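Each chain is listed here by its residues.
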Amino acid sequence: MRPFGNDITNIANNNGTGNNDDRSNGNDNNSNNNNRDSGNSDISSNEATLNADEDSRIPPHIARIGGIVTFSPIAGRGVIRVVRRCEDAKENHKLDLSQCELMQIPDAVYHLMRNTQLQTCNLSGNVLKKVTSKFALKFNAITDLNLSHNQLSRLPDEFANLTELTTLNISHNSFIVLPQAVFKLQKLASLDAQHNAILEIDTEDAITSNCLHVVDLRNNPLSRNCLRKLKDFKASFCLKIPDDVEDDW
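A brief report on the enclosed structure follows. Nothing here was measured: the structure is a model prediction, and the numbers come from that model.

## Looking at the environment of Lys 240
Consideration 1: Secondary-structure assignment places Lys 240 in strand E7 (residues 238-240).
Consideration 2: Separated by 46 residues in sequence, Lys 240 and Gln 194 have C-alpha atoms that sit 9.4 Å apart.
Consideration 3: Leave out the neighbours within four places in its chain, and Lys 240 touches Val 214, Val 215, Asp 216, Leu 217 and Arg 218.

In structure tokens:
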């Protein structure tokens, strides 16, 4: 059983293409050599399109990653990009999946990184609408997480399990309130929540982190009442809020 589901790049199996090569090349005596020397001649039209953009043929173990469901948001070069960045992360412990057009975090990523303890993760510039609890459970040792420039409106409560997280960027998303999990991150030092749709901040919910240095709430449509509360809020950290809202008459 394939660990990630069906092939999504339609890479032909080398063991099953010999007969096709014999017929197409008209050379029964050299079928084995043709299989080795002309590997790119027996691929499907989808593969040909992919290879026009990629110099080398996709290895079969990469071709099998994902499946129709797991990697539905990305295909072709996108699969290769994700796999290569996962391979890089095995070396430097920094997973950069920014600008990969991800609508979700593929299960294959968790499999590829199963033996790697990540330090940072960059998921910015995708089209993520949610991040599941699995992320926090699998990557609970990360210290820096960038979720900016997505379409997120909530974070799972399990994000509180990111006990080593010091830097969190959720700017340029669709949050209307700060996620409750944020208030439970004990080592959080920097929170960037700019450019969301946040209207209210509950100042009664104290952030438990004693390491907090800065919370950036600029470029949010905070109500005047909320702004007044935040201006009077006594905090040990730097609180950045909009300053261009007109006062009530």
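## Description of the pattern of salt bridges
Consideration 1: All chains considered together, the criterion is met by five salt bridges.
Consideration 2: The partner of Glu 87 in a salt bridge is Lys 90, and the shortest N-O contact between them spans 3.4 Å. Remark: Lys 90 and Glu 87 occur in helix H6 (residues 77-92); sequence separation between them is three residues, near one turn of the helix.
Consideration 3: For Glu 87, a relative accessible area of 35% corresponds to the partly exposed category.
Consideration 4: You can call Lys 90 partly exposed: its relative accessible area is 32%.
Consideration 5: The salt bridge involving Arg 218 is made with Asp 216; its shortest N-O contact spans 2.7 Å.
Consideration 6: Judged by its relative accessible area of 33%, Arg 218 falls in the partly exposed class.
Consideration 7: Residue class for Asp 216 comes out buried when judged on its relative accessible area of 6%.

## With respect to the sheet that holds strand E2 (residues 120-122)
Consideration 1: With respect to topology, seven strands assemble into an open sheet ordered E1-E2-E3-E4-E5-E6-E7, the strand pairing being parallel. The open sheet terminates on both sides in strands that have one partner only, identified here as strand E1 (94-96) and E7. Recorded for the sheet is a direction-independent mean angle of 5 degrees between the axes of neighbouring strands.
Consideration 2: Taken together, the three bridges between E1 and E2 define a ladder with parallel strand orientation. For Asp 96, the partnering residue across the bridge sits in E2 and is Asn 122.

Definitions and cut-offs
Residues numbered from 1 in each chain as written. Predicted model: local features only at pLDDT ≥ 70, side-chain atom pairs only at ≥ 80, totals over all residues. Heavy atoms only, no water. Helix = DSSP H or I, 4+ residues; strand = E, 2+ residues; numbered from the N terminus. Contact = heavy atoms within 4.5 Å. Salt bridge = Lys/Arg side-chain N within 4 Å of Asp/Glu carboxyl O. Buried < 20%, exposed > 50% of the residue type's maximum accessible area, 1.4 Å probe, protein only. Pairing = 2+ DSSP bridges. Axes fitted to C-alpha atoms, helices over the stretch in contact; angles between N-to-C directions.

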